[in-house]
Structures are given as C-alpha cells and as structure tokens.
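So the chains spell out like this:
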Amino acid sequence: MDEGYEIEVKGGYLIAHHIPYVNKSKDIKYGKLIVALNINNDAVTYQKHCSKHVINFMGEYPCNQDGSEISAIRLSSPNTPLFDDIIMNFSFSNKPQNDYNDYYEQMVRYIEIISTPAMSLDKNVTARTFKVINNEESSVFQYIDSNATRANIWNINNKLSNQKIAIIGLGGTGSYILDLIAKTPVSEINLYDDDNFCQHNAFRAPGAPTKAIFDGTQKKVNHFSSIYSNMHNGIKPHAEKITKDNVYQLFNMSFVFLCIDNDAARAMIVKELQQNNVPLIDVGMGVQTVDNFLIGSLRVTLVTPEKRDHIARRIPMGNNEDNEYATNIQIADLNALNANIAVIEWKKYSGFYHAIKRFHNFTYSTNDSNFVADEIFDTILLHEKQAGKTVLLYDRMNIWQVVL
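Below is a summary of the structure that appears in this document. (Residues numbered from 1 in each chain as written. Predicted model: local features only at pLDDT ≥ 70, side-chain atom pairs only at ≥ 80, totals over all residues. Heavy atoms only, no water.)

**A few points about the packing of aromatic side chains**
Our working rule: Here a Phe, Tyr or Trp ring, Trp counted by its six-membered ring, pairs with any other such ring whose centre lies within 6.5 Å, and the pair is stacked when the planes are under 30 degrees apart, edge-to-face when over 60, and tilted otherwise. Think of it in three bands: residues with accessible area under 20% of the maximum for their type are buried, residues over 50% are exposed, and the middle band is partly exposed, with areas taken using a 1.4 Å probe on protein chains only. Any Lys NZ or Arg CZ found within 6 Å of a ring centre and within 35 degrees of that ring's normal is scored as a charge over the ring.
The final tally for this structure, using the stated rule, is 14 aromatic pairs. Ring centres 5.1 Å apart and planes at 50° place the aromatic pair Phe255 and Phe257 in the tilted group. Each of the two residues, Phe255 as well as Phe257, counts as buried. One aromatic cluster is present, formed by Tyr21, Phe57, Tyr61, Phe90 and Phe92 through successive ring pairs. Between Arg74 and the ring centre of Tyr61, over which it is positioned, the NZ or CZ distance is 4.3 Å.

In structure tokens:
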C-alpha cells in the first residue's frame, strides 16, 4: 500500500486491484490478483515452501505484447465466484528457485510478469495508482473464517449469512446444533431455554466444562452464550421457555430448530410457526434399555412453507407418556449425530449443499443401523448450461434429463 498498489484484504483474501495486462486482442485491460492468506490469531504468516506459489487472477487471460498467452504461469481456469463481484477466472503458478519470503514478494513478482507487456505498449499504465481502498470489514465472527478462505468456498458459505436462527432447547441435541451453527456466518443465533446448566448436562453436550462451574447456578443459555460468543458475535441468550405468550418472538426468524421433549409445547410452536410460514426442523431421540443393551433411534423432520402435510405423521404431538424421549436417556454421540443431520438438512434447504431430491423426514436406528429418508418434496431443478437449460424432472423413483 505504501508503494501505491490498490490493496484490499477481504474475507481472508489479499486482493490487488487495477493490475494492467494485455489480452489476446492486444488491448490493455485491468484485472485483479487474489491470494488466500494464511492467518492465525489474526496474524498473517507466509508459509515458505508450503504455499504452492499459487495466485489467482480475475480478468481475461494475460498475454504478451503480440497477443500470445503467457503460458509459463498457467495452472487452471476455475472461474470460481468468491464474493460480491470477485471471481477467480484463472490460477497461476510461478515458482522461484528459493521461494518467496512473504506475500509482498509473491504479489509484486506476479504483477511484474502480468503487467510488463502492457507497460511496454504504454509507458503510462501502472498498477501503482496510490488509490486507498477501505479495508474495514464487518463480520459476524470475532476473527476471519480462514477455513472457508483456504477452501475457496467463501461465496457458498455466504449463502447462510443474514439468517436469524432460533434454537429452542439446549439439551444434548440443541447444544450440538449450536456448536455447528456458530461456525456459520448467520447473523443471529437466538437461544431459548430456562433450565440451569447442571453436572449431567456436561456429559451430553460439546466441550469440557470445569468442575467449578457447577458450584453456581448458571442458565444453559448463558453458559453456552459465554462460550460461543468467543467466536460468533450474534449469540443472543433468552433464559425462557417458548409459550403462547412469547412465541411471537420466533415469527421474524429465518429458521427454527426445535429440540424439546414436551409434546404439548412442540405442538403449539409447530402450529404457530406453520401459520407464519417460518421453516423449522424438529428433532427427536428415543433410547431404551433392553437386555442390558441400549437401543437408540433418531428423527429429524423438516417443515417448510412448501411442504407441511407430513407433520401429523412424523412429529409427535400427543401425550408425553407415549414419548420415548421422556425416558430422558441421552448419549452424546447420538445427540451429536441428530444435530449433524439437522444442520446438514438446514444447509441443503439454504442452498449450501446440492440435493437432487429434498427429503423432509429422517430416521436412524442403532439396532439395525438403518437410515431412512422419506417424505419427498417433488420439484423441478433448472441448471443453466452453455447450450441451454437442462431440466431435471423426477418423481420418487426416477430421474429424467431433458436438454432444451
């Protein structure tokens, strides 16, 4: 920046704007160089001999003065969207004999390779404009999500942003759902539970609390909020149950995870959310002791404004005496599995994961290791192709592809 380069740091990437280059028509254009930063504790460290010397470029393929491609640096053509209007059109690799010592050397060397042909055609073009770019970036995280940056999935990850999530019940499954949601860029995670965090809770929740924490009486929502606020800025604890008097608080949520064992409360919440078109996932778990063994079963049910006709078949809303969950046997691995399935299905619903078919109910049994997905919501998926549109039509058993 001191030397006049248009430098921006965003989403864990270092971006150099306004890089002059020559295209195949021998016209002078301007592109962007992009490299994923290695960040630890907010400190940037160049990993010498481990970086693969790769840098990414946004623009047409850079050429020599005569319009021939600078082929020596060619690596791949990912055409991967990162964020906003930033797209990685090409990846380049130029390995010096002794490697680069830092990102400065790496960036300046690539600018030299790409820009020299343009500068030879017009001595006035330069990457050093001394234009200052605002590098203040707001984030829901306390620190940069370098995991998404390293994998170049920032743009996909961002599909989850701006969502307001509610988790009703922070028992075993609910706490694991929080653990997973806290690692996503949703804007808010609202926690609802009026119970205290007790010693038995430690054995069916993520993490390893100290013994001293049980000397006091801390609400579950406050306990988990204090932990996950270290990572996510949007944790909002509510030390209360959801009742008819406060259920309206859920109506402005983007998505609700329902993790409670009270059938009457579940029935009321599901009905209210359904009437207000709020999508939800309801989870359930039953564990029984049989002949000195445990048999466990899990259920994850997705309810959306588009499909809700399966609620009566899949979600228990009767007497708690008939609810296996009321035995209150919970095992951390089953809680974690239940939470993982629930979060994966939420991510599918949000467009994070691709899904040919959208199922709305999932069950798993430890007794026979049987995983069943049902309650299919038939739909039509459109995929834009260069030659036209590919339409995938399917019912419960078949898939047809028609190219228009």
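Having seen the model, we can carry on.
**Thoughts on the environment of Asp85**
Applied cut-off: Comment: elements are numbered from the N terminus, with helices defined as DSSP H or I runs of at least four residues and strands as E runs of at least two.
Among the secondary structure elements, Asp85 is positioned in the loop between strand S8 (80-83) and strand S9 (86-88). The class of Asp85 is exposed, set by a relative accessible area of 53%. As a C-alpha pair, Asp85 and Met58 span 27 residues in sequence and 10.0 Å in three-dimensional space.

**Observations concerning helix H4 (residues 172-181)**
Of all the 10 residues making up H4, 9 are buried; the element is thus mostly covered by neighbouring parts of the structure. Within the sequence span of H4, burial applies to Gly172, Thr173, Gly174, Ser175, Tyr176, Ile177, Leu178, Asp179 and Ile181.

**Here's the deal with helix H6 (residues 263-275)**
For clarity, the cut-off: Each residue after the first adds 1.5 Å to the expected span of a helix. Note on definitions: a residue-residue contact is assigned when non-hydrogen atoms from the two residues lie within 4.5 Å. Pairs of N or O atoms within 3.5 Å make up the polar contacts considered here, provided that, within protein, one atom can donate a hydrogen while the other can accept it, and that residues adjacent in sequence are counted only when both atoms are side-chain atoms.
Between its first and last C-alpha, H6 extends 18 Å over 13 residues, near the 18 Å set by a 1.5 Å rise per residue. For H6, the set of buried residues is Asp263, Arg266, Met268, Ile269, Val270 and Leu273. Residues of H6 that are buried sit in contact with strand S11 (164-168), strand S14 (255-258), strand S15 (280-290), strand S16 (293-303) and helix H7 (311-314). Backbone nitrogen of Ala264 and a side-chain oxygen of the N-cap are separated by 3.0 Å at the start of H6; the cap is Asn262. Among the residues trailing H6, Asn277 stands out with phi positive, at a value near 55°.

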